[in-house]
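Topology and contacts: notes
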Amino acid sequence: MDNTDTVLLLRECDAGTKMAVSSIDEVLYKVVDPRVQALLEKSKHDHSEIGNQLHSLLIKHDSEEKEPNPMAKGMSWIKTNWKMGMEESDATVADLITDGCNMGVKSLCRYENQYKAADQKSKAICKQLVKIEETLATELRPYL
């Protein structure tokens, strides 16, 4: 039953959800507009829910969770703090999160293509994450 591509795709999606939640947490307390705050809180909740599903599936496959790449996480932290230091505004938050969403979509699509033999459930979760990222980026556009 174990499928290497399935486990690898699940692990990459897991790392992505953790990166998204961490990125949102970095900026959420600086948001002023309640509409932007609501969008970010909903996205954080959605990522957390999918993260819980991913954890259950990884346990079923006798696999461990995957943490985000430390270099990517560190670069994200530096970029966030630099941009917010230059201009602390909802527009800056929207810009940072939109960039993160775009990078997330790119990575998820790359992993989905790379792990073609993954099962349909894993591919569906990956597509669901892509949709969440695309939706958040679209909803943040008016605030850029």
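Provided above is the structure to which this section pertains.
Here is a short report on the structure shown in this document. Model, not experiment: these values are computed from the prediction. (Residues numbered from 1 in each chain as written. Predicted model: local features only at pLDDT ≥ 70, side-chain atom pairs only at ≥ 80, totals over all residues. Heavy atoms only, no water.)

Some thoughts on the overall build of the protein chain
Note the following rule: Under the scheme used here, helices are H or I runs from DSSP no shorter than 4 residues and strands are E runs no shorter than 2 residues, and both carry numbers assigned from the N terminus. Each radius of gyration reported is based on C-alpha atoms, and the globular scaling rule is 2.2 Å times the count of residues to the power 0.38. Type-normalised accessible area, obtained with a 1.4 Å probe on protein chains alone, sets the label of each residue: buried when under 20%, exposed when over 50%, and partly exposed for intermediate values. In this description, contact between two residues means that some pair of their heavy atoms is separated by no more than 4.5 Å. For accessible areas, the Shrake-Rupley method is used with a probe of radius 1.4 Å. Any residue's cover is judged against the shown protein chains and nothing else. Counting rule for charge: Lys and Arg are taken as positive, Asp and Glu as negative, and neither His nor the chain ends is counted. Just so you know, the charge point we use is NZ for Lys, CZ for Arg, CG for Asp and CD for Glu.
Looking only at helices and strands, one finds 5 helices and 0 strands in the protein chain. Expected size for 144 residues packed as a compact globule is a radius of gyration near 15 Å; at 15 Å, the protein chain falls within 12% of this value. C-alpha atoms of the protein chain, sized along the principal axes, occupy 50 × 25 × 25 Å. Taking all 144 residues of the protein chain together, the buried fraction comes to 46%. Partitioning the intrachain contacts of the protein chain with sequence separation of at least 6 by distance along the chain shows that 80% fall at a separation of at least 24. A total accessible area of about 8200 Å² is found for the protein chain, and carbon and sulfur atoms account for 56% of it. Averaging the coordinates of the 19 positive side-chain charges in the protein chain and doing the same for the 24 negative ones gives two points 4 Å apart.

Points about the packing of aromatic side chains
Operational definition: Between 30 and 60 degrees the pair is tilted, below 30 it is stacked and above 60 it is edge-to-face, where a pair is any two Phe, Tyr or Trp rings, Trp via its six-membered ring, whose centres lie within 6.5 Å. For a Lys NZ or an Arg CZ to count as sitting over a ring, it must be within 6 Å of the ring centre and within 35 degrees of the ring normal.
With the rule as written, the count across this model stands at 1 aromatic pair. A ring pair is formed by Tyr111 and Tyr115, whose centres lie 6.3 Å apart and whose planes are at 10°; its orientation type is stacked. Here Tyr111 and Tyr115 have matching classes, each one buried. When the ring centre of Tyr111 is taken as reference, the NZ or CZ atom of Arg110 above it lies at 5.2 Å.

A word on the pattern of salt bridges
To keep it simple, the criterion reads: The term salt bridge refers to a side-chain nitrogen of Lys or Arg lying within 4 Å of a carboxyl oxygen of Asp or Glu.
This model, assessed by the stated rule, comprises 11 salt bridges. Salt-bridge contacts for Glu112 lead to Lys127; the nearest nitrogen and oxygen are separated by 2.4 Å. Here Glu112 is found in helix H4 (residues 90–114), whereas its partner Lys127 is found in helix H5 (residues 120–140), with 15 residues between them in sequence. Judged by relative accessible area, Lys127 falls into the partly exposed class, the value being 48%. Because the salt bridges share partners, they merge into one network encompassing Asp14, Lys18, Glu65 and Glu67.

Points about the environment of Met84
As for its placement among the helices and strands, Met84 is situated in helix H3 (residues 70–86). Take Met84: its relative accessible area is 5%, and that puts it in the buried class. Each C-alpha atom, one on Met84 and one on Gln128, is 30 Å from the other, the two residues being 44 residues apart in sequence.

Some details on the layout of surface pockets
Selection rule: A 1.4 Å probe that fits but cannot get out identifies a cavity on a 1 Å grid over protein atoms alone, an open set with protein on both sides within 12 Å along at least five of seven lines counts as a pocket, and a residue lines either if it has an atom within 4 Å of a point. Grid points are joined across faces, edges and corners, and a volume is the space filled by probe spheres set on the points.
There is about 830 Å³ of room inside the largest pocket. Lining the largest pocket we find 37 residues, and of these Met19, Gly100, Met103, Gly104 and Ser107 sit closest to its centre. Taken together, the elements giving at least two residues each to the lining of the largest pocket come down to helix H1 (4–28), helix H2 (34–60), H3, H4 and H5. A total of 12 residues in the lining of the largest pocket trace back to one element, the largest contributor, which is H4.

Section: the nonpolar core
This is how it is decided: Nonpolar cores were defined as sets of buried Ala, Val, Leu, Ile, Met, Phe, Trp, Tyr and Cys residues, with membership established by side-chain atoms within 4.5 Å.
Ranked by size, the top nonpolar core spans 17 residues in total, and within it Leu9, Cys13, Ile50, Leu54 and Leu108 carry the most contacts. Taken together, the elements giving at least two residues each to this core come down to H1, H2, H4 and H5. Counting residues per element, this core draws most heavily on H5, at 5 residues. Non-local contacts of Cys13, meaning those with residues more than four positions away in its chain, are made with Leu54, Leu108, Cys126 and Leu129. By size, the runner-up hydrophobic cluster in this structure holds 16 residues, among which are Ile24, Val31, Ala94 and Leu136.

Overview of a nonpolar patch on the surface
Definition in use: Residues with no salt bridge and a relative accessible area higher than 30% make up the patches, which join like charges within 9 Å and nonpolar side chains (Val, Leu, Ile, Met, Phe, Trp, Tyr) within 5 Å.
Taken together, the side chains of Met71, Met75, Trp77 and Ile78 define a hydrophobic patch exposed on the protein surface, amounting to about 480 Å² of accessible area. Mapped onto the secondary structure, Ile78 falls in helix H3.

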